[in-house]
Amino acid sequence: LLYKYSTPRPTVMSMLSSQCIFAVAFIVTVFGDNIWPIPMSVHLEGSPVALSTHFSIETSNSSVLLKQGIERYEKIIQEIQRSGGPTELRRSEDIGWTDGSRDQSLSSLQVLVVSEDESLNSNTSYEYWIHVGDMEASVVGKSVYGAIYGMETFSQLIVNGSLLYATVAVHDMPEHIHRGLMIDTGRRFFPLPLVYNLLDAMGYLKMNVLHFHLLDYCRFSVESKLYPQLYASLDNQYYTQDDIRAIVDYARQRGIRVMPEFDVP
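Engineer: Report on the nonpolar core, specifying residues and quantitative values.
Structural biologist: One finds Ile-57, Leu-109, Met-151, Phe-154 and Leu-163 to be the most contacted residues of the largest nonpolar core, which totals 38 residues. Counting only elements with at least two residues in this core, the list comes to β2 (49-58), α2 (64-83), β3 (105-113), β4 (128-133), β5 (136-141), α3 (144-156), β6 (158-159) and β8 (167-172). Those residues in contact with Ile-57, other than ones at most four positions away along the chain, are Ile-70, Tyr-73, Glu-74, Ile-77, Leu-109, Val-111 and Met-151. Of all hydrophobic cores here, the second largest spans 21 residues; its members include Val-195, Leu-215, Tyr-239 and Ile-247.

Engineer: Which residues make up the layout of surface pockets, and what values go with them?
Structural biologist: Taken as a whole, the largest pocket encloses approximately 230 Å³ of empty space. Considered class by class, the residues forming the lining of the largest pocket number 10 nonpolar, one polar and four charged.

Engineer: Outline the pairing of β3, listing residues and values.
Structural biologist: Strand direction decides the pairing type here: β2 and β3, joined by five bridges, are parallel. Directly across from Ile-57, in β3, lies its bridge partner Leu-109.

Engineer: Lay out helix α4 (residues 192-204) with the relevant residues and their values.
Structural biologist: Between the first and last C-alpha of α4 there are 19 Å, a value that for 13 residues agrees with the 18 Å anticipated at 1.5 Å per step. Buried residues of α4: Leu-192, Val-195, Leu-199, Asp-200, Ala-201, Met-202, Gly-203 and Tyr-204, and no others. Of the surrounding secondary structure, the elements contacted by the buried residues of α4 are α2, α3, β9 (180-184), β10 (209-216) and α5 (241-252). Where α4 ends, the next residue or the one after it, Lys-206, has phi of about 60°, a positive value.

Engineer: Can you explain the sheet that holds β6? Please cite residues and give values.
Structural biologist: Hydrogen bonds between backbone atoms are what pair the strands of a sheet, whose relative direction is either parallel or antiparallel. Strand order in the open sheet made by the eight strands is β1-β8-β4-β5-β3-β2-β7-β6, with mixed pairing throughout. Each having just a single partner strand, β1 (41-45) and β6 make up the two edges of the open sheet. Set on the sheet, α2 makes contact with β2, β3 and β6; between it and β2 the angle comes to about 160°.

Engineer: Residue-level account of the packing of aromatic side chains, with values.
Structural biologist: Inspection of the entire model under this criterion finds seven aromatic pairs. Taking 4.5 Å as the distance between ring centres and 35° as the angle between the ring planes, the aromatic pair formed by Tyr-196 and Tyr-250 counts as tilted. Taken together, the residues Tyr-196 in helix α4 and Tyr-250 in helix α5 connect sequence positions 54 residues apart. Overall, the relative accessible area of 22% leaves Tyr-196 in the partly exposed class. Within the aromatic cluster, the residues linked to one another by ring pairs are Tyr-126, Tyr-145 and Tyr-149. Taking the ring centre of Tyr-126 as reference, the NZ or CZ of Arg-179 above it sits at 4.9 Å. Here the basic side chain of Arg-254 rests over the ring of Tyr-250, its NZ or CZ set 3.6 Å away from the ring centre.

Engineer: Please set out α2 residue by residue, giving values where relevant.
Structural biologist: Between its first and last C-alpha, α2 extends 29 Å over 20 residues, near the 28 Å set by a 1.5 Å rise per residue. Three or more residues of α2 are buried, namely Leu-65, Leu-66, Gly-69, Ile-70, Arg-72, Tyr-73, Ile-76, Ile-77 and Ile-80. Considering only its buried residues, α2 is in contact with β2, β3, α3, β6, α4 and α5. Sitting at the head of α2, Ser-63 places a side-chain oxygen 3.3 Å from the backbone nitrogen of Leu-65.

Engineer: Please provide a residue-by-residue account of the packing of α4 against α5, values included.
Structural biologist: When two helices pack together, their arrangement is given by the angle between their axes and by how far apart the axes lie. Two numbers describe how α4 lies on α5: the axes approach to 10 Å, and their chain directions differ by 15°. One finds that α4 runs roughly parallel with respect to α5. Relative to α5, α4 is oriented so that their crossing is right-handed. Within the contact between the two elements, α4 uses Leu-192, Val-195, Tyr-196, Leu-199 and Asp-200 and α5 uses Asp-243, Ala-246, Ile-247, Tyr-250 and Ala-251.

The rules behind these values
Residues numbered from 1 in each chain as written. Predicted model: local features only at pLDDT ≥ 70, side-chain atom pairs only at ≥ 80, totals over all residues. Heavy atoms only, no water. Core = buried A, V, L, I, M, F, W, Y, C linked by side-chain atoms within 4.5 Å. Buried < 20%, exposed > 50% of the residue type's maximum accessible area, 1.4 Å probe, protein only. Helix = DSSP H or I, 4+ residues; strand = E, 2+ residues; numbered from the N terminus. Contact = heavy atoms within 4.5 Å. 1 Å grid on protein atoms, 1.4 Å probe; cavity = no way out; pocket = protein on both sides within 12 Å on 5 of 7 lines; lining within 4 Å. Points joined across faces, edges and corners; volume = space filled by probe spheres on them. Nonpolar A, V, L, I, M, F, W, Y, C, P; charged D, E, K, R; others polar. Pairing = 2+ DSSP bridges. Expected span 1.5 Å × (residues − 1). Axes fitted to C-alpha atoms, helices over the stretch in contact; angles between N-to-C directions. Phe/Tyr/Trp six-rings, centres within 6.5 Å; stacked < 30°, edge-to-face > 60°. Lys NZ or Arg CZ within 6 Å of the ring centre and 35° of its normal. Polar contact = N/O pair within 3.5 Å; in protein donor to acceptor, adjacent residues only side chain to side chain. Parallel < 35°, antiparallel > 145°, perpendicular 65-115°, else oblique. Left-handed = near helix turned anticlockwise from the far one by under 90°.

These results come straight from atomic positions and should not be treated as a statement about function.
So this is what it looks like as structure tokens:
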């Protein structure tokens with residue numbers, strides 16, 4: 001059964017067209033719960049394990065990007081705990097909770113990063129590993145962006161305040177270098193909240209390139225200090241230079257690079 005997600009966070013189903021929703025439902029049901037995209041290697045075993053009400057994500061790494069990611073995923077997990085959890089892609093009676101499964105709780109997720117290189121380009125590694133066992137959980141990312149992908153996958157395995165399995169082993173890395181989405185603001189303006197929402201959705205789906213079409217024959221969507229007449233007729237439906245900086249920063253925090261397109265004669 002499919003249930004609508006009860007928090008503002010979009011689900012896989014809500015982000016896909018109706019033409020492919022049943023295909024995705026079949027794939028996810030066959031290959032395992034809420035993890036999307038399907039990892040390269042995944043082993044899931046055992047009964048659900050409750051998360052502590054004081055569950056935290058911890059690291060000894062000093063990366064600002066990583067700390068921003070940790071804060072973001074702690075909030076996501078807290079929201080799941082408060083709301084009762086994300087969409088369940090299988091029947092609740094099949095999940096297998098028992099009274100004994102809640103006698104102990106998982107108190108933290110340890111996050112490690114192998115490389116300190118935080119450059120974001122076509123060579124960036126998003127590889128990560130997740131290990132859960134004996135009431136301990138860890139994510140190891142080859143880069144900070146791999147660690148962010150690992151935290152995303154970990155959060156997808158949380159339902160009704162519990163991790164779905166007592167034993168989890170995941171190894172994953174993207175099959176394709178370019179996993180992009182284009183927004184055509186050269187024809188129609190996308191308000192900033194909508195752009196941020198799309199970037200959030202891209203993060204949930206582990207996409208890594210925002211193709212930002214900013215200029216076409218009908219509109220110039222970016223502030224120009226030298227030629228303000230280019231956007232003077234747009235009634236504030238354009239992006240200031242500060243807006244663009246904020247979008248690039250918001251995207252980077254999710255491992256997404258922004259690829260601008262300006263059409264010229």
